[in-house]
Every structure is written in C-alpha cells, then in structure tokens.
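Summary of the model geometry
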Amino acid sequence: MKRSLLFLAWMVTAVGSLLAQPQPTPVYGNYQGGFRGIWEDRTLRAQVVGEGGDTYRAVLYVAPKDGQETRTEVRGKTARGITHFEGPVDLGAALGGSFTVSGDISKGVFAGSFKSASTEAKFELQRVLIQSPTLGMKPPEGAIVLMDSTQETIDKHWNVMPRWILQGDGSLRAEFSSIWTKQAFGDGEYHVEFKTPYMPYERDQGRGNSGVYILGRYEIQVLDSFADEPANNRCGGIYQQATPLVNACLPPEEWQTYDITFRGPKFDPNGKKVKDAEITVKHNGIIIHDQVTLKHPTPGGLDGREAPTGQILLQDHTNPVSYRNIWIKPLD
C-alpha cells in the first residue's frame, strides 16, 4: 500500500513537472522579419501550415516596399527538431524570376535564402502572434450580450442543453448539433469571437468547419483556411454568393473575430421583398465584405424563407470549434 501511494505521489509530481515545463514553439503560424544584406528594399513574410505528421508547407509573400505581394509556396519536413524547407519558386520577372528557396525553422525562427545562379538573398523571420484589434471588445451601450463566459447568460439566450458545454476558458465548443438563440434579431452590429482547432491531417471542409448564420439564414463561413486563397466556401466566405476581398485568417488555435454590420431584407405591406439584405464583415479587423447584397439565404440554415428578423445560429459540423464574447447592438 505504501509503495502504491509513493508511486502515485511520484506520478502526480512528474505530471506537474511536465506541465510546468515550457512548451515547444509550434512550427505552424505567422512569421515576420525580412531580408538581410541584399533585397532590403523588399518585404517578406511567411505563413506555415501543418499538413499532418512531420510535414508542412510554407506560403511566402515577397513584395517591393509598398508594392503588391507575390505569393509562392515550398514544402518542408521536420527531423530532429528542425523543419527544413526547400523547393523552386517563381517570383515573376519584376522580382528576378526563378529561385530556389532553402530554409529551416527551429525554436520559432525561420532562416534561409532565395538563391539563383547570380543571387543569394538571405532572410530571417520570427514566429509572431497577431491579434485582432477587436478581440475582447466590450459591448457598447444598448448592446444585447449573448455570450459572456457565464452559464447564466448562455441559459438565458441559447438552446444549448444538452448540447454545447461551457469550457474552462469561458467559451462554448461545438458538440453534437448546431445551436441558436431563443430570441430573433434583425438589423444590427454583431460581434463574434471564434477559434478553430488544429486538424493538420484534414483538408478543405474537414478542417475546423462551422459557421455563423445571421437571422438563421445567411452564413459567414468558419473554417481553418489559414494561408489559403480566398473563396466563398472558405473562412469568411458567404457560400455561393460572396468571396472575401482578402484572406484575413489567423492560424488554428488562435482567437479570431467577426464584426458584422447587417441590414435585413425589406418588404412592402403585402409581403413582397423590395430590398435585398446587405452585409459588411470585418474579419480580424480587416474588411472582407463591403456592403455586399445577399440575394437569398445560404444553405443549411434554420429557414430558407426570407424575413426581416431571425435567430443567430452557430453551426456544428462535427469539428470542435469554440465561440465566446458574442453580442449584438440593434440598429434602427
């Protein structure tokens, strides 16, 4: 008995010690820095995406100072704690044509070079955490708080039980089915914070899939689309209706924001629609939809018929996406 108790005590101490150790810096994420020696008149940043196991892809963005970025990719693999990337890239004639990129990521630093027969431009980038300027934004006067990390607010506004469970960090995680508000809303300013999971073995729609439905009918896609090209079925997209102006995604496991200004469809006294719905969306503080007209509801909502008001729906797509700090300020 004593030996068992001693072993249990050792295990608790060992686990505590492991948890107290600094965690290794993830390879995936945003990297910023620049060139050294030559090409200092150009900018460089990278977005590194996990592809499963020890494989990654690095999306590199090169541009003249204050110029348009050229996007290119190289593949990488981790061995003995170092992730090595190497491959050919074409930066276009204006930036010198074809090069071989070679570089390593170790302990949050991505260092390497762009090399051709006549040029070698060395670079060094640091892994950085970029936060939305509206992350944690407090609701303004007159706003209705729908999610504030308390069970009381959740019970008051959402039909979650026995579905989504309040997590230790005060967020709700998608589980078992979609949820929606008990109340209906219309024209308003909507604030939503969400976090997609890290699912490196999945692809496309299987990677952190969820969605925010305004009025239960118009979906702004939630997806891990970090470093992907914008599309109407990727994060920030309005399915089959509008592609984001830019991809403003942060990496998985980092909190992101949607700030939405929505005006619902308008009807005459006979119920005929006389004006389409209109939406503006900021993703992590960046405008991705600017007064976009919505001709009809998107698939998968609560109701395919248009109306001036409706509930807010958070979609469960079998991926553990988390939500927090949701509020709406009604507009006249």
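Everything below is about the structure printed above this text.
Our subject in this report is the structure included herewith.

Rules and cut-offs
- Residues numbered from 1 in each chain as written.
- Predicted model: local features only at pLDDT ≥ 70, side-chain atom pairs only at ≥ 80, totals over all residues.
- Heavy atoms only, no water.
- Patch = residues over 30% accessible without salt bridge, like charges linked within 9 Å, V, L, I, M, F, W, Y side chains within 5 Å.
- Areas by Shrake-Rupley, 256 points an atom, 1.4 Å probe, with all protein chains shown as cover.
- Salt bridge = Lys/Arg side-chain N within 4 Å of Asp/Glu carboxyl O.
- Helix = DSSP H or I, 4+ residues; strand = E, 2+ residues; numbered from the N terminus.
- Pairing = 2+ DSSP bridges.
- Axes fitted to C-alpha atoms, helices over the stretch in contact; angles between N-to-C directions.
- Buried < 20%, exposed > 50% of the residue type's maximum accessible area, 1.4 Å probe, protein only.
- Contact = heavy atoms within 4.5 Å.

1. A look at a nonpolar patch on the surface
- On the surface, L245, V246, I286 and I287 cluster together to form a nonpolar patch covering roughly 340 Å² of accessible area.
- Tracing the backbone through its elements, the reader meets L245 in the loop between β15 (218–222) and β16 (256–263).

2. Observations concerning the sheet that holds strand β3 (residues 55–64)
- Strand order in this closed barrel of 8 strands is β1-β2-β3-β4-β5-β6-β7-β8, and the pairing throughout is antiparallel. Within this sheet the neighbouring strands show an average axis-to-axis angle of 25°, counted without direction.
- Sheet topology places strand β1 (residues 29–36) next to strand β2 (residues 42–52); 4 bridges connect them, and they run antiparallel. Bridging across to β2, Q32 finds its partner in R45.

3. Examining the environment of Q68
- Looking at the element boundaries, Q68 is found in the loop between β3 and β4 (70–79).
- By relative accessible area, Q68 is classed as exposed at 72%.
- Setting aside residues no more than four positions away along its own chain, Q68 makes contact with V62 and A63.

4. Describing the pattern of salt bridges
- Taken as a whole and assessed by the stated rule, the structure comprises 18 salt bridges.
- Notably, a salt bridge pairs E51 with R57, separated by 3.7 Å at the nearest N-O pair.
- With a shortest N-O distance of 3.3 Å, R173 and E175 are connected by a salt bridge.
- Counted as one network, the salt bridges with shared partners bring together E51, R57, R71, E73, R75, D228 and E229.

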